[in-house]
Amino acid sequence: RLMYGPDLGALPRLGKDAFMAHPEVQSLLEHRNRAGLVVTGIIGRAQADEFLSPDPPDDQGTPYRQSPSGRRLQIAWSAMVGVAFLREDELLRAVDWQIDRATGGRLIVESVFGIDPQAVGEAAGAFLESPEGVDASEGELEMLRVAEEVASFSREINAPMAAPPAAAPMASSMAAPPDDPEATLTRTLARHSGFNRAARSQTTLSRARILWIDDHPKWVAKPAETLRRLGARVTIVRTTQDGIRALERVPGPDGRPFDVILSDIARGSRMDAGIRALPQLRQLAPDTPVIFFVGKLDRSLGVPKGAAGITNRTNELLHLVMDALEGR
């Protein structure tokens, strides 16, 4: 209220330099500028990390407030002021809402980036425990290293936010060293491009309906949880017949019950059950892509005829799912 309220704006009218030159007023103005740098710095860093699209070249002298950065700044600032006032004035007591620091931070991030950082963090945890089709020892070391970076990101989100020095440049976190305590989730999972892509597409995934046919649900539990945490509705069945019954149920709003079908290949005693089921699935859902997710993959065999893709890596699976959803 002091930084941005009418009282500070009225000081110049009380006498030239008399009040504005006061050390406490100057300190207040300095903190106000630093608060603005926090928000603009986050937006700039997200653009540098390619998490947000950059501003187009300013060929026509567009005012900053009308640029993508300017609009995001207004959205972020509105959310921050709103959350602060709601907390300070206890305006949510009547509806029994509790906005603590972490909750307020999530609301602000979601308003600017369109994602819930807690949901992304939970999805990352499930993703890092998913099958990746790599050597066990190599995979174990990789998971330990990335899991520690995710834990660092989680601690950062829940820690009090410190304003950067007024003159400090906001460098891209992609260029930060691995032990940088301000590591972001974007940099943490940069090597996992499929997860990164899916995490930025929660709007698309929140409308996705996925049917997953696999006779070992526990094996696909973590990849399925990753998709669910990012907003998708995932239905898991064990047999081809259960999948057919799911497809025959009341269709969704666009006339189709599912947007993507995921399937294993070896099922029960049949090593080609998933491939044999393809004609039935295509007959019931001719416009729904079918993607195979398998334990072992021989890439020399290519993609089975009629399928949209095949993989044994969760990261690649997320790419295939996003290709299918965006293609739809």
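The structure presented is a predicted model; accordingly, all values stated were derived computationally and were not measured.

### Examining the overall build of the protein chain
Point 1. The helix and strand inventory of the protein chain stands at 13 helices and five strands.
Point 2. Evaluated residue by residue, the protein chain yields a buried proportion of 39% over its 328 residues.
Point 3. In the protein chain, once contacts between residues fewer than 6 apart in sequence are set aside, the share between residues at least 24 apart is 66%.
Point 4. For the protein chain, the accessible area works out to roughly 18,700 Å², and carbon and sulfur atoms hold 55% of it.

### Digging into the pattern of salt bridges
Point 1. Counted according to the given criterion, the structure contains 11 salt bridges.
Point 2. Between Glu 129 and Lys 222 there is a salt bridge, with the nearest N and O atoms lying 3.0 Å from each other. Placement of the pair is Glu 129 in the loop between helix H5 (117-128) and helix H6 (136-158) and Lys 222 in helix H10 (residues 221-229), with a sequence separation of 93 residues.
Point 3. Overall, Lys 222 belongs to the partly exposed group, its relative accessible area being 29%.
Point 4. Linked through salt bridges whose partners overlap, the residues forming this network are Glu 122, Glu 129, Lys 222, Glu 225 and Arg 229.

### Topic: the packing of helix H3 (residues 68-88) against helix H4 (residues 101-113)
Angle between the axes and distance between the axes are the two parameters that describe a pair of packed helices.
Point 1. Between H3 and H4, whose axes approach to 9 Å, the crossing angle comes to 155°. Judged by the inter-axis angle, H3 sits roughly antiparallel to H4. In terms of crossing hand, the pair formed by H3 and H4 is right-handed. Residue-level inspection shows Arg 72, Ile 75, Ala 76, Ala 79, Met 80, Val 83 and Arg 87 of H3 in contact with H4, the latter providing Arg 101, Gly 104, Leu 107, Ile 108, Ser 111 and Val 112.

### Observations concerning H5
Point 1. An ideal rise of 1.5 Å per residue puts 16 Å on 12 residues; H5 measures up with 16 Å between its terminal C-alpha atoms.
Point 2. Within the span of H5, buried status applies to Pro 117, Ala 119, Val 120, Ala 123, Ala 124, Ala 126, Phe 127 and Leu 128.

### Here we look at the confidence of the model for the protein chain
Point 1. Confidence in the prediction for the protein chain averages 77 pLDDT; 75% of positions are at 70 or higher.
Point 2. Across residues 133-141, confidence stays below pLDDT 50; counting only partners more than four residues off in sequence or on other chains, it has four contacts.

### Description of the packing of aromatic side chains
Point 1. A full pass over the atoms with the stated rule returns three aromatic pairs.
Point 2. Aromatic pair Trp 219 and Phe 293: ring centres 5.2 Å apart, planes at 40°, arrangement tilted. Of this pair, Trp 219 sits in the loop between strand S1 (209-213) and H10 while Phe 293 is found in strand S4 (residues 290-293), placing the two residues 74 residues apart along the sequence.
Point 3. What makes Trp 219 partly exposed here is its relative accessible area of 35%.
Point 4. By relative accessible area, Phe 293 is classed as buried at 1%.

### Quick look at the sheet that holds strand S3 (residues 260-263)
Point 1. Overall, parallel pairing links the five strands, which are arranged S2-S1-S3-S4-S5 in an open sheet. Edge positions in the sheet fall to strand S2 (233-237) and strand S5 (309-311), since each of these pairs with one other strand and no more. The average angle at which neighbouring strand axes cross in this sheet is 20°, direction not considered.
Point 2. Running at roughly 160° to S1, helix H11 (residues 240-247) makes contact with S1, S2 and S3 of the sheet.
Point 3. Here helix H12 (residues 273-284) sits on the sheet and contacts S1, S3 and S4; the angle it forms with S4, its principal contact strand, is near 160°.

### Let's talk about the nonpolar core
Point 1. Core analysis: the largest hydrophobic core is formed by 30 residues, its most contacted members being Phe 195, Trp 212, Leu 227 and Leu 262.
Point 2. For this core, the secondary-structure elements that each account for two or more residues are H5, helix H8 (193-199), S1, H10, S3, S4 and helix H13 (314-327).
Point 3. Per-element accounting of this core gives the leading share, seven residues, to H13.
Point 4. Contact partners of Trp 212, with chain neighbours within four places excluded, come to Val 220, Pro 223, Ala 224, Leu 227, Val 234, Thr 235, Ile 236, Val 237, Leu 262, Ser 263, Phe 293 and Leu 317.

### Let's talk about the side chain of Arg 72
Point 1. Considering the arrangement of structural elements, one finds Arg 72 in helix H3.
Point 2. No salt bridge is formed by the buried Arg 72. Its closest oppositely charged neighbour is Asp 55, at 4.8 Å.
Point 3. Once you skip the residues sitting within four places of it in the chain, Arg 72 turns out to touch Ile 43, Gln 47, Leu 52, Ser 53 and Val 112.

### With respect to the packing of helix H2 (residues 23-48) against H3
Point 1. Axis separation between H2 and H3 bottoms out at 10 Å; the angle between their running directions is 130°. Considering their axes alone, H2 and H3 lie oblique with respect to each other. The interaxial crossing formed by H2 with H3 has right-handed handedness. Packed against H2, whose contacting residues are Ala 35, Gly 36, Val 39, Thr 40, Ile 43 and Gln 47, the element H3 presents Ser 69, Arg 72, Leu 73, Ala 76, Trp 77 and Met 80 at the interface.
Point 2. Across the contact of H2 with H3, the residue classes break down as seven nonpolar, four polar and one charged.

Calculation notes
Residues numbered from 1 in each chain as written. Predicted model: local features only at pLDDT ≥ 70, side-chain atom pairs only at ≥ 80, totals over all residues. Heavy atoms only, no water. Helix = DSSP H or I, 4+ residues; strand = E, 2+ residues; numbered from the N terminus. Buried < 20%, exposed > 50% of the residue type's maximum accessible area, 1.4 Å probe, protein only. Contact = heavy atoms within 4.5 Å. Areas by Shrake-Rupley, 256 points an atom, 1.4 Å probe, with all protein chains shown as cover. Salt bridge = Lys/Arg side-chain N within 4 Å of Asp/Glu carboxyl O. Axes fitted to C-alpha atoms, helices over the stretch in contact; angles between N-to-C directions. Parallel < 35°, antiparallel > 145°, perpendicular 65-115°, else oblique. Left-handed = near helix turned anticlockwise from the far one by under 90°. Expected span 1.5 Å × (residues − 1). pLDDT = per-residue confidence, 0-100. Phe/Tyr/Trp six-rings, centres within 6.5 Å; stacked < 30°, edge-to-face > 60°. Pairing = 2+ DSSP bridges. Core = buried A, V, L, I, M, F, W, Y, C linked by side-chain atoms within 4.5 Å. Lys, Arg positive; Asp, Glu negative; His and termini not counted. Nonpolar A, V, L, I, M, F, W, Y, C, P; charged D, E, K, R; others polar.

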